[in-house]
Amino acid sequence: MVRNNIRGGEARAGWLFTAPAVIIIGVFLVLPIFLAVFVSFSDWNGRGSPLGNAELIGTDNYAAVLTEEGLSQRDFGTAIRNNLYYVLGVVPLQTALALFLAVQVNRRILKGRGFFRTAFYFPSVTSSIAITTIFIFLFAGSGAVNGIISWFGVDGPNWFADPSGVGHKILGVFGVGAAGPLADGGMLGLSWYDWLSGPSVAMCVLIILAVFTTSGTFMLLFLAALQNVSQEVQEAAAIDGAGPFRTFFSVTLPLLKPTLFTVLTLGLIGTWQVFDQVYLAGGGDPGKTTLTPAYLAYQASFENLDWGEGTAISFLLFLIIVTFTLIQRWVLRDRDAGRSGLRREKRAVQRLRADAEAAKLGGNADAGRGIVR
Amino acid sequence: MRRKMLSVAALAGGAALVLAGCSGGGGGDSTETLTVLIGTSGDAETAAVTAAADAWSAESGVDVEVKVAANLTEELATGFAGDDPPDLFYMSWDQFQTYAGNGYLESYGDDLPNAGDFYPTFRDEYTFDGEFVCAPKDFSTLGLIINTDMWAEAGLTDADIPTDWESLTAAATALTTPEHVGLSFGQEYARIGVFMAQAGGSIVDGDEIVADSPENLEGLEYVKSLYDAGVLRFPAEIDAGWGGEALGAGKAAMVIEGPWIKGIEGDFPDTNYASYELPAGPGGPATFSFTNCWGIPEGSPTAEDTVSLVEFLTSDDQQVEFANAYGVLPSSEAAAQTYADSNAAIAGFVAGADYAVTPVAFDGAAAVTSEFNARLADFATADFASILADFQAQLEAAYADAQ
Amino acid sequence: MSVTQLPGRFRLTPRAMTGLLAGYLILILLALIYIYPFLIAVAGSFKTDADASQNPLSLLPQTWSFAAYERLFTDVPLLQWTGNSVLVTICITAGRVFFDSLAGYALSRLRFPGRNVIFASLIAIMAVPPVALLIPRFLVLKQFEMFDTYAGMIIPIMIDAAGIFIMKQFFESIPVSVEEAARIDGAGVFRTFWSIVLPMARPALITLFILSFQGSWNEFSYFLIARQDADLHTLTTGVATLTNGQLGQGNQFPLKLAAAVLMSIPVAVLFFIFQKRIMSTSEGAEKG
């Protein structure tokens, strides 16, 4: 009897406790998605409520952005291309840097580990606006970065005002120019030559900014994973005569695969959403080379008053990002990293122990480790 | 236990209601206050507009609040989308067609008693679908502004003031030193376009787009020649935000700007400058005129009072006061003449009004223009022929859409 | 991580020693690169406009000038922005800590119909990227006439799916026996939650508090589209106008740097106080 009362109270409490969350998330996260989809299929012009003042016009907005030749398609292609280079620049760099920092900070013999961890993580704590403001100062034409570069006798570019693409510079070395063989064809309104432009110098600053602010967070993820790598495994590898590089690449790295995958996917999801920095750095300037889909959607809606197109771009961006998220979910769920990781570790330890026995019987295992008795 | 839950819920609900009640701006005041949103060129302009609004308030008894926008385009868009636009606002020439075309603006021009005072060109510019929509509040033309100290240093005299492209090149070359560049202006259609016009080119001819023409190409090539010779640098390349800053900070000896250049006196009081007409090109003299109008939202409940405010603000006396305060030229012919007569410094700008053209501005042209500006960004390697071809195609598409 | 002693005495070969030194040098160099921008920003905020433009690298101003900070408090409505940021951050953080733990507890401990559906939707919602929702949220705010109000800035982000997830995971790690005992004693659900379970959840609550505070203090894009009145500027949107808007005419670097420095102080203070906790629990918090 007492149990029944408790059970009934439980159900009521359960609904009541989750009600605020359900309401707020439902209204302000789920509803917007549906409203946006509706507006993207309509011709709403920005006055009054979209539900009353707009007519459905089918896929015209999506066509304008994806298939019809014109400025909208070209802008969308430019935004996708820019964001693609941003992703290709940021994700590998931030992953490699975070991993490198984590490995270095994790070393047993290191003193001052706390200081280093703090130093590398601190940029992640500050707001994107503050950091971008500081970077605009550092990378000004006659700013700090160009000052440091000038010590090496090189004239730094006018970072934020330089729209020339890195890819174009490389292509130029091979004699492929704007009017060359790649000038025709292409997709989304850009020629193949345009697609191969690489990130512009200004975009490179944003890439550096992203790596600066996010490598600390991912370093912590890697640190946690490294600390889970059993001490035994590293010992076994060391006894076997493996130097630090060998240990890292053949033993540690495979065990870090799940975390590596998480970091890569989080990086992918994050880089496709870049907005704040683009807004502050000039909204696509110079020459639309820092334009990204997120900012393009904002610009189309709030500046060109083309809400249908803006929401269509938002929804396309949503699809891109959700695809990556789903891939991450699927791969991680199947892998069941925890259990299979431990299995692999056990097998590795057994193998190394066997090797160690064999080595002891014939050979000097210590010399490979730099140890002198 | 249940009491606690209820009280918590009540507290949360109450807090939500209170917060919902605290609206940040323009809620529903019982006494009417007109909100005026402006984009300012500096403290002088803000002060002048506020003073004028207060003067009208005293006369009419209606309160006016002048707000300065950090980003006028954005704030107007969100204002309209939030169904809470300001009662009166600056409507810029490049956005006018978009706003009018989307039905955002109240057509009050024909109701103004002083509608006949404005320059006919500006009245036409702000006519949409046969209706005179909004009153032009001022106009500006582009002129050549020269740093007189640097001019004297280079040993140049009045005879060397550029009147055509050759003399412009010569002057810019003489004025280029390792410390400052001879000429600078914005890397955009709104500046480079004057050279296209001076070469005899235009963008719209009646109902046809004629952007892709040899004259326009000639204008672009001339600018390129200045750039290649190293006597022209764009503001971003010399660490300046715009031409006026380049002039004031001493980074450029000549700039192409409008009468709003007066605004740099606050930040750069030591820079001495003089303004002249732009040099003529092979196709004759040409410059751009920019105007803004006073926009009233369509269906605004305060329209009657606001129109009366506009009438006050566009009266000849008030326009001359604005002109004296922050340098824009009055949009009514009589006022402009009064101002020009008393003010030799801006004679160059006013003279330009005779042959000024308005930059292209139909609904959708703004996006095409910013694409044009984007293509010009990589100036050293820009392919002008293909840029003009694309400009033509995109303008044609936008024009077709706008009909 | 335990430090195991190697058997026997040993010293490192010169090669290993140089390797170690090289590692140290690289780390120190990198740490300097990470810290230097902030040092330059602080130094730059005390310079004059001309000094900042001409000597951007130096850490000591030629002439110490407080002009930037003066302007920041007189010309620029920094205090108003700060007030807004404080109000918004407190409300959002309090809301998140309270409602997230409430919902997390319900999802982990209470049995009620629809619980699995809600949890599954939660996982799905965590996949939705916030940036793609910028314009859609603006439309909803407009629809409910919450645009340009404090309520519109606070309520929609007052509860976040990731926070609920964190709390749920934590509650599941608390032994059920304590609650069972309280329930059988006659305590109601809310009383059990409030007086018994919640105090035990302090580590997770602190984590949630830190994440929420940081997230709402640094939030920019949402406040950009949720408001347009200048009176509602938070520090983030306000400082953005220093670079982008009318106030940003001219290279007034010391002013912008001073603003950037000041707005980072609260999160930096929070960071240094809770350093150990932030750096040891953020690994668990990143669940995609």
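These figures come from a predicted structure and were not determined experimentally.

1. Side note on the overall build of chain B
Looking only at helices and strands, chain B features 17 helices and 14 strands. The C-alpha atoms of chain B give a radius of gyration of 24 Å, which matches the 22 Å a tight globule of 403 residues would have. Projected onto its principal axes, the C-alpha coordinates of chain B cover approximately 85 × 50 × 45 Å. Within chain B, the proportion of its 403 residues that are buried is 50%. For chain B, the share of sequence-separated contacts (at least 6 apart) that also reach a separation of at least 24 residues comes to 73%.

2. Observations regarding the overall build of chain A
Looking only at helices and strands, chain A features 17 helices and 1 strand. In terms of overall dimensions, chain A is more spread out than a globule: its C-alpha atoms have a radius of gyration of 27 Å, far above the 21 Å expected for 373 residues. A principal-axis box enclosing the C-alpha atoms of chain A has dimensions of 85 × 85 × 40 Å. Relative to its full complement of 373 residues, chain A shows a buried share of 47%.

3. Quick notes on the packing of helix α3 (residues 67-74) of chain C against helix α14 (residues 253-273) of chain C
Residue and element names in this part refer to chain C. At a minimum axis separation of 8 Å, α3 and α14 run at an interaxial angle of 70°. Between α3 and α14, the angle falls in the class roughly perpendicular. With respect to the hand of their crossing, α3 and α14 are arranged in right-handed fashion. Judged by residue contacts, A68, Y69, R71 and L72 of α3 engage P254, L255, A258 and A259 from α14. Here the residues of the contact of α3 with α14 are counted per class, giving 7 nonpolar, no polar and 1 charged.

4. Looking at the sheet that holds strand β12 (residues 273-276) of chain B
Residues and elements named next belong to chain B. The mixed open sheet is built from 4 strands, whose spatial order is β8-β11-β7-β12. Each edge of the open sheet is held by one strand with a lone partner, namely β8 (181-184) and β12. Mean inter-strand twist for the sheet, computed between neighbouring axes without regard to direction, equals 20°.

5. Overview of the interface of chain C and chain A
Contacts between the two partners involve 84 residues from chain C, matched on the other side by 82 residues from chain A. In terms of residue count, the dominant contributor to the side of chain C that touches chain A is helix α1 (residues 14-45) of chain C (12 residues). Among the residues making up the side of chain C that touches chain A, the classes are represented as 56 nonpolar, 19 polar and 9 charged.

6. Focus on the confidence of the model for chain B
All names here are of chain B. Per-residue confidence for chain B averages 85 on the pLDDT scale, and 92% of its residues sit at or above 70. Confidence over residues 16-30 falls short of pLDDT 50; this stretch has 24 contacts with residues more than four positions distant or in other chains. Note on the complex model: pTM 0.83, ipTM 0.85.

7. A look at the pairing of β12 of chain B
Walk down a regular strand and you will see the side chains alternate between the two sheet faces. Residue and element names in this part refer to chain B. By the alternation rule, side chains of β12 split into Y273 and S275, which are all buried, and A274 and Y276, of which none is buried. Where strand β7 (residues 143-147) meets β12, 4 bridges bridge the pair, whose relative direction is antiparallel. For I145, the partnering residue across the bridge sits in β12 and is S275.

8. Re unusual backbone geometry
Residues and elements named next belong to chain A. Located in the positive-phi region is L188, a residue other than glycine, with phi close to 50°. Tracing the backbone shows L188 in the loop between α8 (166-173) and α9 (192-195). When the 19 C-beta atoms within 10 Å are taken as the criterion, L188 is described as partly exposed. The backbone of K288 shows a phi angle near 60°, a positive value even though the residue is not glycine. The topology assignment puts K288 in the loop between α14 (276-280) and α15 (293-302).

9. Comments concerning the confidence of the model for chain A
One rule of thumb: low pLDDT means the predicted coordinates there are not for detailed reading. Averaged over all residues, the pLDDT of chain A equals 83, while 91% of them reach at least 70. This model gives residues 367-373 of chain A a pLDDT under 50, and the stretch forms 14 contacts once residues within four places in sequence are excluded.

10. A short note on the packing of helix α4 (residues 71-106) of chain A against helix α10 (residues 201-228) of chain A
All names here are of chain A. Two elements in contact, α4 and α10, have axes whose closest approach is 6 Å; the angle formed by their N-to-C orientations is 40°. Our classification of the angle between α4 and α10 gives oblique. Judged by the twist between their axes, the crossing of α4 over α10 is right-handed. The residue inventory of the contact of α4 with α10, partitioned by class, reads 21 nonpolar, 7 polar and no charged.

11. Quick look at the domain arrangement of chain B
Residues and elements named next belong to chain B. Structurally, chain B comprises domain 1 (33-140 + 290-350) and domain 2 (143-289 + 359-402). The C-alpha-based centres of domain 1 and domain 2 are spaced at 27 Å. Between domain 1 and domain 2, the residue contacts involve 23 residues of the former and 17 residues of the latter. Taken together, the elements giving at least two residues each to the side of domain 1 that touches domain 2 come down to α2 (43-60), α4 (93-101), β6 (135-141), β13 (287-295) and α15 (347-352). Counting residues per element, the side of domain 1 that touches domain 2 draws most heavily on α4, at 7 residues. Classifying every residue of the side of domain 1 that touches domain 2 gives 11 nonpolar, 10 polar and 2 charged.

Calculation notes
Residues numbered from 1 in each chain as written. Chains lettered and ligands numbered in written order. Predicted model: local features only at pLDDT ≥ 70, side-chain atom pairs only at ≥ 80, totals over all residues. Helix = DSSP H or I, 4+ residues; strand = E, 2+ residues; numbered from the N terminus. Rg over C-alpha atoms; globule rule 2.2 N^0.38 Å. Buried ≥ 20, exposed ≤ 12 C-beta atoms within 10 Å, placed from the backbone. Contact = placed C-beta atoms within 7 Å. Axes fitted to C-alpha atoms, helices over the stretch in contact; angles between N-to-C directions. Parallel < 35°, antiparallel > 145°, perpendicular 65-115°, else oblique. Left-handed = near helix turned anticlockwise from the far one by under 90°. Nonpolar A, V, L, I, M, F, W, Y, C, P; charged D, E, K, R; others polar. Pairing = 2+ DSSP bridges. pLDDT = per-residue confidence, 0-100. Domains from an automatic or database assignment.

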